[in-house]
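Listed below are the residues making up each chain.
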Amino acid sequence: MLCSATWGAQAFAQTTLNEVVVNGQRIQELGAGEQLDRAAISAQQAITRDTANLLRDVPGVSLYGAGGVSSLPAIHGLADDRLRISVDGMDFVASCPNHMNPPLSYLDPSHVAKIKVYAGIAPVSVGGDSIGGAIVAETAPPEFARSSEQVLTKGEAGVFVRSNNNAQGGNLAVSVASESTSLSYSGAFAKADNYRAGSNFKSSTATGRVGHTVFLDEVASTAYESKTHTLGFAMRGEGHLLEAKLGYQNVPYQLYPNQRMDMLDNEQQRLNLRYLGQFAWGQLDARAYQEKVDHFMDFGADKRMWYGTASGGSGVANGNPCTPISATCAYGMPMYTASRTSGVNVKADIDWGDDELLRLGALYQSYALNDWWPPSGSGMWPGTFDNIKDGQRDRLGIFGEWEGRLSSQWTGLLGARYERVLSNAGNVQGYNTAVGAMGNQVVDATAFNSQDRARRDHNVDLTALARHSASATLDMELGLARKVRSPNLYERYTWSTWSMAAVMNNFVGDGNGYIGNPDLKPEKAYTASVTLDWHDAERTWGLKATPYYTYVVDYIDAVRCSSGSACTVANSSTSNQFVTLRYANQNARLYGLDLSGHMDLGHSAYGVWGLKGVLNYTKGENQSTGGNLYNIMPLNVKLTLSHQYDAWASSLEVVGVQKKSDVSAVRNEIATGGYGLLNLRSSYSWRRMRLDVGVENLFNKFYYLPLGGAYTGQGTTMSINGIPWGIAVPGMGRSLYAGVTVTF
Ligand SMILES: [Cu+2]
């Protein structure tokens with residue numbers, strides 16, 4: 001009997017919608033790879049406050065380096081907007097020309113109840129408007145008292161410290177509930193200074209900002225501070241749940257070692273309303289949400305050090321602003337982004353016969369964006385620069401999906417999804433509207449404003465998945481998919497060919513400038529993948545292999561720009577400088593292999609030993625040019641030897657990464673060397689308390705982050721080649737950490 005998850009006495013506490021129960025036994029959902037639950041996540045709270053970083057051991061996942069709490073996950077080489085990343089059912093859109101506020105950056109790890117990663121092919125019911133896998137993050141579901149006489153009160157509190165960057169923070173969650181009403185609050189705080197690389201890093205431009213001693217091994221622009229609050233209210237009746245969640249996040253600063261700007265304020269307010277109902281025919285899940293983001297960027301302390309001279313230019317590192325700003329006096333470069341997202345999602349899981357389930361759903365999302373840069377003097381004068389004005393991107397989607405048992409050995413899933421994506425942007429102007437203004441501002445704005453920019457995309461996704469249980473020791477999953485993603489507003493509507501403006505539009509952290517292209521077509525990806533899962537009947541050992549292949553028609557890559565202010569002969573030919581690029585549709589293919597395994601090494605009087613490992617290989621090629629795709633993680637391996645003795649658990653991790661030599665020539669991507677790291681972790685659990693201690697990068701090994709982008713963390717970053725090219729962002733040196741969590 002296949003039916004949607006049944007609700008017991010603790011109804012709603014553990015309810016998740018996609019899980020299917022067969023004969024009382026939960027079967028693994030098709031397409032879903034790894035799932036991290038609360039226990040696995042809380043074990044990492046002392047190690048990282050970056051929710052995306054929780055996924056670093058999931059086969060197929062790599063991470064683009066960004067700010068300290070906002071790295072961008074990539075699955076099989078496809079990152080950022082190419083993935084569907086949802087938080088409590090909401091599809092957040094990064095509202096920043098550098099994508100500094102991606103969806104997972106709004107979640108503190110301590111608030112995450114569960115993250116599910118669809119590393120290969122995600123069913124269409126998980127989301128559309130994406131071509132790669134999906135990441136589904138959920139905060140804790142409401143809990144209720146078991147009987148009317150009871151009042152349920154519970155909570156969790158934690159603190160952590162890390163030595164390398166003096167990171168510290170804490171989290172608190174409390175809830176009070178009766179049998180039918182639940183009230184909860186969760187909050188978290190984290191802050192860190194700039195981190196220090198392993199031994200040997202000598203930043204070539206290190207001169208030190210005023211009033212601050214810069215360590216030679218300090219990686220500039222890596223500090224951050226973040227505060228998150230969520231208030232939840234829920235009511236349940238017989239088979240019905242109503243839930244409201246109010247979220248607020250403030251990031252006073254998060255500096256970026258691979259962007260020319262720093263986040264100096266980000267505020268998100270969100271409201272999420274949900275209805276969940278159980279009926280004779282199945283389950284209905286409906287949501288309505290609203291999100292408001294106010295984002296502000298300027299130069300953080302490490303990038304401002306040369307600014308403030310009366311001429312607005314380089315020279316004296318006095319750090320003082322000249323006043324007032326004028327055509328000859330510049331101070332900083334304020335940049336604002338504001339967005340508002342409203343959405344409705346409806347999904348019905350219908351029990352269809354004994355062994356079948358039908359999922360039907362619809363989505364509407366309306367997204368409005370403004371991105372503007374007020375005058376700050378010198379060339380950025382006298383008016384406001386419209387980077388994107390009145391940007392609009394609206395999605396309307398419907399899907400149908402069937403999942404069922406075909407025989408005792410075969411389970412199948414078939415789904416189709418249609419999305420209509422409308423996008424548009426209003427007329428723009430540069431800082432200066434006088435004919436002949438710097439950087440082609442008038443010519444570019446006039447050309448942009450004279451075009452019809454409204455675009456309407458009709459996108460169709462199809463997925464087919466099948467699982468075969470060949471025997472008690474071998475399972476196999478096969479998948480085929482067509483997935484489509486429409487360009488985002490920055491890809492379509494940023495317009496200035498002035499290098500100073502173009503370098504501010506960059507969400508891959510490579511230091512280059514990007515110019516939008518209103519004529520971009522949606523990306524269409526065709527993926528085939530297979531997962532072979534060998535294990536013994538008791539699963540004391542297991543080995544999983546997933547080879548995959550994706551061909552993307554109209555992949556949005558970039559080409560050196562051909563006409564406009566920055567598009568010089570030197571720009572089109574240089575191989576060792578930052579360049580200005582324009583987004584363009586090309587064809588691409590990505591393929592590779594995820595390998596993961598685990599085995600018990602035996603039990604003895606000294607405890608239980610185990611070994612697990614992950615290997616990831618990805619290759620990404622631009623089929624139109626024959627070049628490599630940007631930011632593809634080189635071959636990497638991680639082995640973990642674990643030991644458990646009573647309540648004491650420890651592990652030794654060995655990480656090995658090959659050198660990155662397959663680099664994108666069009667972007668002058670920087671190669672990085674191979675490296676190996678060693679991490680030690682230990683924890684002790686009492687009934688109501690848990691202690692975590694460990695050392696990351698035990699030998700203080702110096703290495704460069706393969707996906708960390710170009711180091712643009714210090715100095716004046718406004719002039720495209722005013723900072724040295726060719727330095728990658730170093731990884732963190734040795735760091736000791738400790739964390740305590742108490743539940744009550
Ligand atoms: Cu930003």
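Below, the structure is looked at part by part. These numbers come from a predicted model, not from an experiment.

**Re the overall build of the protein**
Logical step 1: In terms of helices and strands, the protein carries five helices and 34 strands.
Logical step 2: Radius of gyration (C-alpha) of the protein: 26 Å, near the 27 Å computed for a compact globule of 744 residues.
Logical step 3: Along the first, second and third principal axes, the C-alpha atoms of the protein reach 75 × 55 × 55 Å.
Logical step 4: Counting every position in the protein, which comprises 744 residues, the buried fraction comes to 58%.
Logical step 5: Taking the contacts inside the protein whose residues are at least 6 apart along the sequence as the reference set, 70% of them involve residues at least 24 apart.
Logical step 6: Carbon and sulfur atoms provide 59% of the accessible area of the protein, an area that totals close to 28000 Å².
Logical step 7: In the protein, 61 side chains carry a positive charge and 67 a negative one; their mean positions are 3 Å apart.

**What to know about the sheet that holds strand β6 (residues 72-75)**
Logical step 1: Across the sheet, three strands lie side by side as β5-β6-β7; this open sheet has antiparallel pairing. The open sheet has two edge strands, β5 (61-64) and β7 (78-79), and neither has a second partner.
Logical step 2: Two strands pair when backbone bridges link them, and β6 and β7 are joined in this way by two bridges, in the antiparallel orientation. Each residue of the ladder has a partner; that of isoleucine 75, found in β7, is leucine 78.

**Some thoughts on the pairing of strand β34 (residues 735-743)**
Logical step 1: In terms of strand pairing, strand β12 (residues 152-162) meets β34 through seven bridges, oriented antiparallel. What sits directly across from valine 159, in β34, is valine 740.
Logical step 2: With eight bridges connecting them, strand β33 (residues 689-696) and β34 associate as antiparallel partners. Within the sheet, the bridge partner assigned to glutamate 696 lies in β34 and is serine 735.

**Looking at the coordination of the copper ion**
Logical step 1: Within the protein, the copper ion binds to Cys96 (SG), Met100 (SD), His295 (NE2) and Met297 (SD); these donor distances fall in the range 1.9 to 2.8 Å.
Logical step 2: Around the copper ion sit four donor atoms; with metal-centred angles ranging over 81 to 128°, the donor geometry is irregular.
Logical step 3: Taken in sequence order, the residues that donate to the copper ion follow the motif C-x3-M-x194-H-x1-M. Taken together, the positions of methionine 100 in the loop between β9 (90-91) and β10 (112-118) and histidine 295 in strand β18 (residues 282-298) put the pair 195 residues apart, joining distant regions of the chain.
Logical step 4: You can call histidine 295 buried: its relative accessible area is 2%.

**Quick word on the sheet that holds strand β11 (residues 134-139)**
Logical step 1: Within the open sheet, the five strands sit side by side as β4-β10-β11-β8-β9. Their pairing is mixed. The open sheet terminates on both sides in strands that have one partner only, identified here as β4 (35-37) and β9.
Logical step 2: In the sheet, strand β8 (residues 84-87) pairs with β9 via two bridges, with the strands oriented antiparallel. Its bridge partner being in β9, valine 87 is matched across the sheet by methionine 90.

**Notes on the state of the cysteines**
One covalent bond between the sulfur atoms of two cysteine residues makes up a disulfide.
Logical step 1: One pass over the full model with this rule turns up one disulfide.
Logical step 2: A sulfur-sulfur distance of 2.1 Å marks the disulfide that ties cysteine 561 to cysteine 567. Disulfide cysteine 561-cysteine 567: torsion about the S-S bond near -115°, hence left-handed. The exposure classification of cysteine 561 matches that of cysteine 567, with both residues buried.

**What to know about the side chain of threonine 497**
Logical step 1: In this fold, threonine 497 is placed in the loop between α3 (489-493) and α4 (499-502).
Logical step 2: In this structure threonine 497 comes out as buried when scored by relative accessible area, which is 7%.
Logical step 3: Within polar-contact distance, the side chain of threonine 497 engages the backbone nitrogen of serine 565 at 2.8 Å.
Logical step 4: Contacts of threonine 497, omitting those with residues within four sequence positions, involve Gly439, Asn440, Asp444, Ile515, Ser563, Gly564, Ser565 and Ala566.

**Looking at the nonpolar core**
Logical step 1: Grouped together as the largest cluster of nonpolar side chains are 60 residues, with contacts concentrated most on Met261, Met333, Trp373, Tyr431, Met500 and Met504.
Logical step 2: The next biggest cluster of nonpolar side chains, apart from the first, holds 34 residues, and it includes Leu54, Met90, Leu107 and Ala525.

**Comments concerning helix α2 (residues 441-449)**
Logical step 1: Along α2, the residues classified as buried are Gln441, Asp444, Ala445 and Phe448. Across the axial projection of α2, the buried residues extend over an arc of 95°, all falling on one side.
Logical step 2: Turning to α2, the residues buried within the fold contact β21 (385-405) and α3.

**Concerning the packing of aromatic side chains**
Logical step 1: Evaluated as defined, the whole model comprises 15 aromatic pairs.
Logical step 2: Ring geometry for phenylalanine 507 versus tyrosine 583: centroids 6.2 Å apart, planes at 15°, classification stacked. Of the two residues, phenylalanine 507 sits in the loop between α4 and β25 (513-515) while tyrosine 583 sits in strand β28 (residues 580-604), which places them 76 residues apart along the sequence.
Logical step 3: Phenylalanine 507 sits in the buried class, given a relative accessible area of 8%.
Logical step 4: Residues tyrosine 675 and tyrosine 703 carry aromatic rings whose centres are separated by 4.3 Å and whose planes lie at 35° to one another, so their mutual orientation is tilted. Of this pair, tyrosine 675 sits in strand β32 (residues 675-685) while tyrosine 703 sits in the loop between β33 and β34, and the two are 28 residues apart along the sequence. Just as tyrosine 675 is buried, tyrosine 703 falls in that class too.
Logical step 5: One aromatic cluster is present, built from ring pairs that chain together Trp373, Phe385, Tyr431, Trp495 and Trp498.
Logical step 6: The side chain of arginine 82 reaches across the aromatic face of tyrosine 555, ending 4.1 Å from its centre.
Logical step 7: Here arginine 260 stacks its cationic end above the ring of phenylalanine 578, 4.9 Å away from the centre of that ring.

**So, the pattern of salt bridges**
Two side chains carrying opposite charge are able to pair once their charged atoms lie near each other.
Logical step 1: Scanning the entire structure with this criterion turns up 38 salt bridges.
Logical step 2: Here aspartate 217 makes a salt bridge to arginine 196, at a shortest N to O gap of 2.9 Å. With aspartate 217 in the loop between β14 (181-192) and β15 (224-237) and arginine 196 in the loop between β14 and β15, the pair connects residues that are 21 residues apart, well separated along the chain.
Logical step 3: Judged by its relative accessible area of 19%, aspartate 217 falls in the buried class.
Logical step 4: A salt bridge links lysine 227 to glutamate 225, with the shortest nitrogen-to-oxygen separation between them at 3.7 Å.
Logical step 5: Because the salt bridges share partners, they merge into one network encompassing Arg84, Asp91, Asp129, Arg393, Arg395, Arg417 and Glu419.

**Overview of a nonpolar patch on the surface**
Logical step 1: Taken together, the side chains of Trp534, Trp541, Leu543, Met599, Leu601, Tyr606, Trp609, Leu611, Val637, Leu639, Leu641 and Val654 make up a nonpolar region of the molecular surface, amounting to roughly 1100 Å² of accessible area.
Logical step 2: Elements represented by at least two residues in the nonpolar patch include exactly β27 (541-560), β28, β29 (607-622) and β30 (636-645).
Logical step 3: Ranked by residue count, the leading element in the nonpolar patch is β30, at three residues.
Logical step 4: Tracing the backbone shows methionine 599 in strand β28.

**Looking at unusual backbone geometry**
Logical step 1: The step from tryptophan 381 to proline 382 runs through a cis peptide bond, and the omega angle for that step is 5°.
Logical step 2: Note that proline 382 resides in the loop between β20 (356-373) and β21.
Logical step 3: In this model, asparagine 668 sits at a positive phi of 50°, which is unusual for a non-glycine residue.
Logical step 4: One can find asparagine 668 in the loop between β31 (648-657) and β32.
Logical step 5: We classify asparagine 668 as buried; its relative accessible area is 6%.

About the thresholds
- Throughout, a residue's number is its position along its own chain's written sequence, starting from 1.
- Residues qualify for local features only when their pLDDT is at least 70, as the model is predicted, and side-chain atom pairs are given and counted only at 80 or more; totals for whole chains, interfaces and linings, by contrast, use all residues.
- For the side-chain quantities, the full set of heavy atoms in the structure was used; hydrogens and water were omitted.
- Runs of E in the DSSP output that reach at least two residues are strands. Runs of H or I that reach at least four are helices, and both are numbered from the N terminus.
- Radius of gyration means the value over C-alpha atoms here, while the globule rule gives 2.2 Å times the residue count to the 0.38 power.
- Exposure is judged per residue with a 1.4 Å probe applied to protein chains only, and the accessible area is read against the type maximum: over 50% gives exposed, under 20% gives buried, and values in between give partly exposed.
- In what follows, residue pairs with any heavy atoms lying within 4.5 Å of each other are defined as contacts.
- Per-residue and other accessible areas follow the Shrake-Rupley method at a 1.4 Å probe size, with only the shown protein chains counted as cover for residues.
- Lys and Arg are tallied as positive, Asp and Glu as negative. Neither His nor the chain termini are counted.
- In this description, the location of a charge corresponds to atom NZ of lysine, CZ of arginine, CG of aspartate or CD of glutamate.
- Any two strands with at least two DSSP bridges between them are considered paired.
- Note: metal donors comprise N, O and S atoms at 2.8 Å or less from the metal (3.2 Å for Na, K and Ca); water molecules are not included, so apparent gaps in a site are possible.
- A four-donor site is classed as tetrahedral when every donor-metal-donor angle falls between 85 and 135 degrees; four donors are called square planar, and six octahedral, when trans pairs exceed 155 degrees and all remaining angles lie between 65 and 115, with any other arrangement labelled irregular.
- For the purposes of this analysis, a disulfide is any pair of cysteine sulfur atoms at a distance within 2.5 Å.
- N or O atoms within 3.5 Å of each other form a polar contact, as long as, within protein, one can give a hydrogen and the other can take it, and as long as residues adjacent in sequence are counted only when both atoms are side-chain atoms.
- Here the nonpolar core consists of buried residues drawn from Ala, Val, Leu, Ile, Met, Phe, Trp, Tyr and Cys, with membership extended through side-chain atoms lying within 4.5 Å.
- Directions pointing from the helix axis toward each C-beta atom define the arc.
- Paired rings are identified among Phe, Tyr and Trp, the last through its six-membered ring, by centres lying within 6.5 Å, and are further divided according to the angle between planes into stacked (under 30 degrees), edge-to-face (over 60) and tilted (the rest).
- In this analysis the charged atom, NZ for Lys or CZ for Arg, is taken to sit over a ring once it is within 6 Å of the ring centre and within 35 degrees of the ring normal.
- By definition, a salt bridge exists where a carboxyl oxygen of Asp or Glu is found within 4 Å of a side-chain nitrogen of Lys or Arg.
- Patch construction takes residues with relative accessible area above 30% that form no salt bridge. Like charges are linked within 9 Å, and nonpolar side chains (Val, Leu, Ile, Met, Phe, Trp, Tyr) are linked within 5 Å.

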